[in-house]
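Spelled out from the first residue to the last, the chains are:
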Amino acid sequence: MPQVDFYVLGEPGETALLRVACRVAEKAWEQGLSVYMLTRDEEAAARLDELLWTFRQEGFLPHERWPSTDGTVAPVLVGTAAEPPHVPDLLVNLGAPVPDWYRGCRRVAEVVGGDAELKAAGRGRYRAYRDAGADLRTHEVAP
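These numbers come from a predicted model, not from an experiment.

Draft legend 1. Representation of the packing of helix H1 (residues 14-30) against helix H2 (residues 42-54) in the model. Between H1 and H2, the shortest axis-to-axis distance is 10 Å and the interhelical angle comes to 55 degrees. Classified by the interaxial angle, the pair formed by H1 and H2 is oblique. Here the hand of the crossing between H1 and H2 comes out right-handed. Side by side, H1 and H2 meet where Glu 14, Leu 18, Arg 19 and Cys 22 of the first sit next to Ala 44, Arg 47, Leu 48, Leu 51 and Leu 52 of the second. The class makeup of the residues in the contact of H1 with H2 is 6 nonpolar, no polar and 3 charged.

What follows is the structure, given as structure tokens:
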């Protein structure tokens, strides 16, 4: 069972949520871990894809959308419901339902936005992980 870290934002808005997700993915990538960033829909995946190119001043985080059209697999993948080609070391969940395959991951990062609706959905995912016996940790993220 993976360790599940909940990053709970103190401010509303998708931009803050995506920036925290980028930082979490960057730290994992720097440690040589594979990352799958799961978004709730294609619109969120497109915004995250764009932000991964620009959020770092000194460069970008090597990534690609999944499923890939050219068959390559980057160390960081961004997708929606499609299962990645391999179980990643880190699953970064950005509001999507908990996927069935998460148990094969070493770690899961749940990024929960400050909006009331997103917090309520995050609580539901917390209960699902807790009931499955996951090692849960919560981190409050200041604005």
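So, next bit.
Draft legend 2. Broad picture of the sheet that holds strand E5 (residues 90-94). Pairing in this open sheet of 7 strands is parallel, and the strands run E3-E4-E2-E5-E6-E1-E7 from one edge to the other. Unpaired on one side and paired on the other, strand E3 (63-65) and strand E7 (135-141) mark the two borders of the sheet. Taking each pair of neighbouring strands and ignoring which way they run, the sheet shows an average axis angle of 20 degrees. H1 rests against strand E1 (3-9), strand E2 (35-39), strand E4 (76-79), E5, strand E6 (107-112) and E7 of the sheet, and its axis sits at about 180 degrees to E5.

Draft legend 3. Region of the structure containing the pairing of E5. The element E5 is extensively covered by neighbouring structure, given that 5 of its 5 residues are classed as buried. In the sheet, E2 pairs with E5 via 5 bridges, with the strands oriented parallel. What sits directly across from Val 35, in E5, is Leu 90. Both E5 and E6 contribute to a ladder of 4 bridges, which runs parallel.

Draft legend 4. Structural detail: the nonpolar core. One finds Val 35, Met 37, Leu 48, Leu 52, Val 92, Leu 94 and Val 111 to be the most contacted residues of the largest nonpolar core, which totals 28 residues. It is H1 that contributes the most residues to this core, 9 residues altogether. With near-sequence residues (within four places) excluded, Val 92 lies in contact with Ala 21, Val 24, Val 35, Tyr 36, Met 37, Leu 38, Ala 109 and Val 111. In this structure, Ala 96, Trp 101, Tyr 102 and Val 108 belong to the second largest nonpolar core, which totals 17 residues.

Draft legend 5. Spatial organisation of the pattern of salt bridges. All chains considered together, the criterion is met by 12 salt bridges. Notably, a salt bridge pairs Glu 43 with Arg 47, separated by 2.7 Å at the nearest N-O pair. Here Glu 43 and its partner Arg 47 are both found in helix H2, 4 residues apart, which amounts to about one turn of the helix. With its nearest N and O atoms 4.0 Å apart, the salt bridge here joins Asp 89 to Arg 106. Highlighted residues: Asp 89 in the loop between E4 and E5 and Arg 106 in the loop between E5 and E6, separated in sequence by 17 residues. Each of Glu 14, Arg 40, Asp 41, Glu 43 and Arg 47 takes part in one network of salt bridges that share partners.

The rules we used
- Residues numbered from 1 in each chain as written.
- Predicted model: local features only at pLDDT ≥ 70, side-chain atom pairs only at ≥ 80, totals over all residues.
- Heavy atoms only, no water.
- Axes fitted to C-alpha atoms, helices over the stretch in contact; angles between N-to-C directions.
- Helix = DSSP H or I, 4+ residues; strand = E, 2+ residues; numbered from the N terminus.
- Parallel < 35°, antiparallel > 145°, perpendicular 65-115°, else oblique.
- Left-handed = near helix turned anticlockwise from the far one by under 90°.
- Contact = heavy atoms within 4.5 Å.
- Nonpolar A, V, L, I, M, F, W, Y, C, P; charged D, E, K, R; others polar.
- Pairing = 2+ DSSP bridges.
- Buried < 20%, exposed > 50% of the residue type's maximum accessible area, 1.4 Å probe, protein only.
- Core = buried A, V, L, I, M, F, W, Y, C linked by side-chain atoms within 4.5 Å.
- Salt bridge = Lys/Arg side-chain N within 4 Å of Asp/Glu carboxyl O.

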